[in-house]
Amino acid sequence: MHQFVDGEWVAEYEATNEDGEFDRQETTFRNWVGGEGVREGEDPDPDAAFPVEAGRYHLYVSLACPWAHRTLVTRALKGLEDVVSVDVVDPYRDEDGWQFTPEKAGCTPDTVNGFDYLREAYVAADPDYTGRVTVPVLWDTEKGTIVNNESEEVMRMLDVAFDGLATRDVDLYPEGDRDEVDRVIEEIYDPINNGVYRAGFADSQTAYERAVGELFDALDRWDALLGDQRYLAGDRLTEADVAMFTTLIRFDDVYHTHFKCNVRKIAESPNLWNYLKELYQLPGVAETVDMDHITEHYYTTHTDVNPKRIVAVGPDHDFTAPHDRDRLGGGPPGALSPADD
Ligand SMILES: N[C@@H](CCC(=O)N[C@@H](CS)C(=O)NCC(=O)O)C(=O)O
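It should be emphasised that the depicted structure is a prediction, and the values quoted were computed from it without experimental measurement.

Criteria and cut-off values
Residues numbered from 1 in each chain as written. Predicted model: local features only at pLDDT ≥ 70, side-chain atom pairs only at ≥ 80, totals over all residues. Heavy atoms only, no water. Buried < 20%, exposed > 50% of the residue type's maximum accessible area, 1.4 Å probe, protein only. Helix = DSSP H or I, 4+ residues; strand = E, 2+ residues; numbered from the N terminus. Contact = heavy atoms within 4.5 Å. Near = heavy atom within 4 Å. Polar contact = N/O pair within 3.5 Å; in protein donor to acceptor, adjacent residues only side chain to side chain. Areas by Shrake-Rupley, 256 points an atom, 1.4 Å probe, with all protein chains shown as cover. Nonpolar A, V, L, I, M, F, W, Y, C, P; charged D, E, K, R; others polar. Pairing = 2+ DSSP bridges. Axes fitted to C-alpha atoms, helices over the stretch in contact; angles between N-to-C directions. UniProt positions renumbered as here; feature names shortened; annotations may be inferred.

**Q** Which parts of the structure should I look at to understand helix 4 (residues 178-193)?
**A** For an α-helix, 3.6 residues make a turn, and residues three or four places apart therefore share a direction. By the burial criterion, the buried members of helix 4 are Val 181, Val 184, Ile 185, Ile 188, Pro 191, Ile 192 and Asn 193. Packed against the buried residues of helix 4 are helix 1 (66-78), helix 3 (151-161), helix 5 (195-200), helix 6 (205-225) and helix 7 (239-255).

The structure is reproduced here in structure tokens:
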């Protein structure tokens, strides 16, 4: 894998530490549309350096990436499609990093800057940039720079800062549940969201077994909890569910096989499976899921994990099959109920 060092695109960086454990890099661009208060759920500040405006901000995403996917699901649930635009990179990533290949199904050109590679956006934002070129990227078309490339924060901005421009009345960071939402997002990050990568990229048996053990302990805990609680933070749908969804939807097709997270499938955990189907069936969500991009990306890009680049075919789940979540109290906001769609 390649990355920038002082604005130079250089070969090979170590993704694991000396114990063979996967180390995810800290993200660099951490500005807030609407100002820092948005992080705590405050209304956006009109005098912020990056003020909230329709049509000004743009997302660069990969449909394969679970972190980028969080921003797409949030944008869809809130109905922000006409407010924040999106371009989609090629799911296959080689030594040039993420690339725009509009001729490929599901991919777009860079409609904002006309770049061929996403890395051009990073050096346009910071000519001396050091670090990886990751998705998602929230781009400001007016200042011509990256606002933020940390999915958790972009998700919060779309939810809170852009709420006034949303076409659906959906609040994924509801007052009264905020501490719990933050707590759950943090709790699931290491063992689950990043846990699948810690298992898949482990360079030693010990690191792999530790990651898989922690992953399935956490999944089993949530499976039990979701037996009598509708969503992760209680009876309301929140950002924590978006964060969980993008890992669960990839699990059986990719993480189970490619990353050796094969203790059991999500479809074999009854509550997680029904919970996953409910989230998939919320308005706008299915349209954000591209299983071809997801499988192509993982199986062909990580040649150290899968040298022959053969894409596993299974298991072909039907995420539209009925779920049993209506037996529990709570439910999605009215704006997401089938009658309102
Ligand atoms: N902390 C970041 C992580 C994003 C991330 O690691 N994205 C991956 C794709 S799933 C990527 O772009 N990797 C490219 C690389 O590491 O070179 C976030 O949550 O936004």
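**Q** Looking at this model, I keep getting lost on the site of the ligand. Mind explaining?
**A** The environment of the ligand is formed by 17 residues, the closest being Arg 24, Cys 65, Trp 98, Thr 134 and Ser 151. Measuring from an oxygen atom of the ligand, one finds a backbone N or O atom of Asn 149 at 3.3 Å. Glu 150 is positioned with one of its side-chain polar atoms (N or O) 3.0 Å from a nitrogen atom of the ligand. Protein chains shield 92% of the accessible area of the ligand, which is 520 Å² for the free molecule. Taken together, the residues that form the shell around the ligand break down as 9 nonpolar, 4 polar and 4 charged.

**Q** How should I be thinking about the environment of Leu 282 in this particular structure?
**A** Take Leu 282: it is sitting in the loop between helix 8 (270-280) and helix 9 (291-301). Look at Leu 282 and you get buried, because its relative accessible area is 6%. In the structure, Leu 282 is positioned 58 residues away from Ala 224 in sequence and 23 Å away in space, judged by C-alpha atoms.

**Q** Sorry, what's going on with the side chain of Glu 153 here?
**A** The topology assignment puts Glu 153 in helix 3. Here Glu 153 falls in the buried class, since its relative accessible area comes to 6%. Excluding anything up to four places from it in sequence, Glu 153 contacts Arg 30, Trp 32, Arg 39 and Asn 148.

**Q** Can you walk me through the sheet that holds strand 4 (residues 85-88) in this structure?
**A** Two pairing modes exist for strands in a sheet, parallel and antiparallel, and in both the strands are linked by backbone hydrogen bonds. Taken in spatial order, the 4 strands of this open sheet run 4-3-5-6, and their pairing is mixed. Since the sheet does not close on itself, it has two edges, and those belong to strand 4 and strand 6 (145-148), each with one partner. Direction aside, the axes of adjacent strands within the sheet are offset by 35° on average. Pairing of strand 5 (residues 137-140) with strand 6 involves 3 bridges; the strand directions are antiparallel. Considered in strand 6, the bridge of Asp 140 is made with Thr 145. Strands in contact with helix 3 are strand 3 (57-61), strand 5 and strand 6; relative to strand 6, the strand with the most contacts, it is inclined by about 85°.

**Q** In this structure, what is going on with the UniProt feature "active site" (unreviewed entry) in the protein? I would like to understand it.
**A** Under the UniProt annotation, the feature "active site" (unreviewed entry) is placed at Cys 65 and Tyr 197. The greatest C-alpha distance among the residues just named is 11.8 Å, despite their covering 133 residues of sequence, which places them together in space. Secondary-structure assignment places Cys 65 in the loop between strand 3 and helix 1. Setting aside anything within four residues of it in sequence, one finds Tyr 197 in contact with Phe 22, Arg 24, Pro 66, Trp 67, Ala 202, Tyr 255, Phe 259 and Tyr 298.

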